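Each chain is listed here by its residues.
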Amino acid sequence: MRYMMTYDLMETLRNTNQWLGASALSMASYPLFSMTPNPAMQWMAAWGEVTERTFQRMVVKPDWGIDSITGEDGRDHLINIETVIERPFGDLIHFAVQGREEMDRRVLLVAPMSGHYATLLRSTVKSLLPDCEVYVTDWHNARDIPVSEGKFDVEDYTLYLVDFMRELGADLHVVAVCQPAPLTLAATAYLAEQDPNAQPRSLTLIGGPIDPDAAATDVTDFGRRVTMGQLEETMIQQVGFKYKGVGRKVYPGLLQLSSFMSMNAERHAKAFTDQITRTARGEATDRDPHNKFYDEYLAVMDMPAEFYLSTVERIFKGLEIAQNKFTIGDHQVDIGAITSVAVKTVEGGKDDISAPGQCVAALDLLTGLPDSKKASYIEPDAGHYGIFAGRSWRNNIRPLVLDFIDANSEAPAKRSRTAPKKKKSAPKA
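Residues numbered from 1 in each chain as written. Predicted model: local features only at pLDDT ≥ 70, side-chain atom pairs only at ≥ 80, totals over all residues. Heavy atoms only, no water.

## Thoughts on the overall build of the chain
Reasoning step 1: Along the backbone of the chain there are 13 helices and 14 strands.
Reasoning step 2: What you see for the chain is a C-alpha radius of gyration of 23 Å, in line with the 22 Å of a compact globule of 429 residues.
Reasoning step 3: Projected onto its principal axes, the C-alpha coordinates of the chain cover approximately 75 × 60 × 45 Å.
Reasoning step 4: Within the span of the chain, comprising 429 residues, buried residues form 52% of the whole.
Reasoning step 5: A sequence separation of at least 24 residues applies to 77% of the contacts in the chain between residues at least 6 apart.
Reasoning step 6: Accessible area for the chain stands at about 19500 Å²; split by element, carbon and sulfur atoms hold 53% of it.
Reasoning step 7: A distance of 3 Å separates the average location of the 46 positive side-chain charges in the chain from that of its 57 negative side-chain charges. (Helix = DSSP H or I, 4+ residues; strand = E, 2+ residues; numbered from the N terminus. Rg over C-alpha atoms; globule rule 2.2 N^0.38 Å. Buried < 20%, exposed > 50% of the residue type's maximum accessible area, 1.4 Å probe, protein only. Contact = heavy atoms within 4.5 Å. Areas by Shrake-Rupley, 256 points an atom, 1.4 Å probe, with all protein chains shown as cover. Lys, Arg positive; Asp, Glu negative; His and termini not counted. Charge placed at Lys NZ, Arg CZ, Asp CG, Glu CD.)

Have a look at this one:
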């Protein structure tokens, strides 16, 4: 922490930029200036509007924004988000479709804890809702979790997934998106050893770093280049006095965002310059493509320091999943213990975060699983985001995932709508 700004100073700089944008917009929008059209004032107002919105979104958790879907009956059905399990670091939530019988496909969508909220999967959830009962891991912002709740590292994360799967039962299909793929694989193997009856029927791993060394990217190069001491000194900060998690050590979301942005700096700079121009011309709208994307992309959350550091040390540097050496407490998890869960990997041909080869490595670790239960797919023109959202997901990947789920399900059985489950909380330590 010696080589970086304090948490409160970073928040102050963010707040200052938001204020500068609001001030520029207010000044340039002064009614007197409208008497004489001035392109400079129009541009200043546009810059202020885009800047204020940009920096404001960085500390706001986006809403899911999924109010209803159209069912097979042609009617609109309201969506009610129910909390199935409530825990300090993350909840298991259910998107309950009102007025519809429970669907035979039950899907647990494991969201990443990598700097963005689970709402990053909004379009993924929305695309699955017409055909599935959808459950999602909704991770919490570490800045809002009191220090009294204790630590949260990769082992705790894995045990959360184990508990979520146990709660939902064996008639379940798990889809892990990006970062959680290695730990979801470990959680499934843990269940195979400890509680075989609670295993899901299928596991789909999308763009996850099962073996980071299988294909180098900027992310893997960074993990190899820096030492753990350097990471602690340059990436870890303590939450400031403004939030409930004051004093908790975290990897700040603003730092993660700056890393994401720097990987494609020119593209992002052009996107914001173009948006300012469109705003000055009156062509921008509140929900235009730029705002829809960046409202989500800029909304970042802090990760617990121990989770971030243990991910780098054990998944990327130590290759514990890739070499089947991952441990939980004193127990070494054997991925080869998975013998009945069908596993499919999905990769993007243009993925620059988790390159092709990293995720499909999971299939080689499944030594106890017959080849008939293994599958893989590469979407040639998809980047990292495209393999779980956008046109590539909707048109190509989603149908394949649903077919894989159906191929590894029991014969469909008619089930009546069940009552919402009660919230459950973990006991305080």
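Back to the write-up after that little detour.
## Details of helix H9 (residues 265–280)
Reasoning step 1: Here H9 spans 23 Å end to end across 16 residues, near enough to the 22 Å set by a 1.5 Å rise per residue.
Reasoning step 2: For H9, every residue scored as buried is listed here: His268, Ala271, Phe272, Gln275, Ile276 and Thr279. Down the axis of H9, the smallest arc covering the buried residues is 135°, so these residues share one side. Of the residues in H9, the exposed ones pointing more than 90 degrees away from the buried face are Glu266, Arg267 and Lys270. (Expected span 1.5 Å × (residues − 1). Arc of directions from axis to C-beta.)

## What about the sheet that holds strand E3 (residues 90–97)?
Reasoning step 1: The nine strands lie next to each other as E1-E2-E3-E5-E4-E6-E7-E13-E14, forming an open sheet whose pairing is mixed. A strand with exactly one partner marks an edge of an open sheet, and here the two such strands are strand E1 (68–70) and strand E14 (374–379). Geometrically, the sheet is characterised by an average inter-axis angle of 25° between neighbouring strands, direction not taken into account.
Reasoning step 2: Here E3 pairs with strand E5 (residues 133–139) via six bridges, running antiparallel. The partner of Gly90 across the bridge, within E5, is Trp139.
Reasoning step 3: Contacting strand E4 (106–110), strand E6 (173–177) and strand E7 (202–206), helix H5 (residues 181–194) runs over the sheet at an angle of about 165° to E7.
Reasoning step 4: The sheet strands contacting helix H13 (residues 390–407) are E4, E6, E7, strand E13 (342–348) and E14, and the helix crosses E14 at an angle near 175°. (Pairing = 2+ DSSP bridges. Axes fitted to C-alpha atoms, helices over the stretch in contact; angles between N-to-C directions.)

## Observations regarding the pattern of salt bridges
Reasoning step 1: Considering all chains together, one arrives at 24 salt bridges under this definition.
Reasoning step 2: Of the charged contacts in the structure, one is a salt bridge between Lys61 and Asp138, with a shortest N-O distance of 3.3 Å. With a gap of 77 residues between them, Lys61 in the loop between helix H2 (39–56) and E1 and Asp138 in strand E5 connect regions that are remote in the sequence.
Reasoning step 3: Lys270 is paired through a salt bridge with Asp274; the nearest N and O atoms lie 2.8 Å apart. Of this pair, Lys270 and Asp274 both sit in helix H9, separated by four residues, roughly a single helical turn.
Reasoning step 4: Note on Asp274: relative accessible area 27%, which makes it partly exposed.
Reasoning step 5: Taken together, the shared-partner salt bridges in this structure form one network comprising Arg53, Arg57, Asp286, Arg287 and Asp295. (Salt bridge = Lys/Arg side-chain N within 4 Å of Asp/Glu carboxyl O.)

## A closer look at the sheet that holds strand E10 (residues 303–304)
Reasoning step 1: In spatial order, the strands read E8-E9-E10; together these three strands make up an open sheet with antiparallel pairing. Looking at the sheet topology across the chains shown, the edges are occupied by strand E8 (237–238) and E10.
Reasoning step 2: The sheet contact formed by E8 and strand E9 (residues 249–251) spans two bridges and is antiparallel. Bridge pairing links Gln237 to Val250 in E9.

## Some details on the pairing of E7
Reasoning step 1: Taking burial as the measure, the five residues of E7 include five buried ones, the bulk of the element.
Reasoning step 2: Here E6 runs beside E7; their pairing, made up of five bridges, is parallel. Residue His173 lies in a different strand from E7, and its bridge partner there is Ser202.
Reasoning step 3: Where the polypeptide runs from E6 across H5 and back to E7, its parallel neighbour, the crossover connection is right-handed.
Reasoning step 4: Alignment of E7 against E13, held across five bridges, turns out to be parallel. Residue Thr204 lies in a different strand from E13, and its bridge partner there is Lys344. (Right-handed = clockwise from strand over helix to strand, strands pointing away.)

## What to know about a nonpolar patch on the surface
Reasoning step 1: Where nonpolar side chains cluster on the molecular surface, the patch consists of Tyr30, Leu32 and Phe33 and spans about 310 Å² of accessible area.
Reasoning step 2: Its location among the elements puts Phe33 in the loop between helix H1 (7–28) and H2. (Patch = residues over 30% accessible without salt bridge, like charges linked within 9 Å, V, L, I, M, F, W, Y side chains within 5 Å.)

## Notes on the environment of Arg201
Reasoning step 1: With respect to the helices and strands, Arg201 occurs in the loop between H5 and E7.
Reasoning step 2: Sequence spacing of Arg201 and Asp381 is 180 residues, and the spatial spacing of their C-alpha atoms is 29 Å.
Reasoning step 3: Other than its neighbours up to four places away in sequence, Arg201 contacts Ala170, Asp171, Leu172, His173, Ser340, Val341, Ala342, Asn408, Ser409 and Glu410.

## What to know about unusual backbone geometry
Reasoning step 1: Within the chain, Cys178 stands out as a residue other than glycine whose phi angle is a positive 65°.
Reasoning step 2: When its relative accessible area of 6% is taken as the criterion, Cys178 is described as buried.

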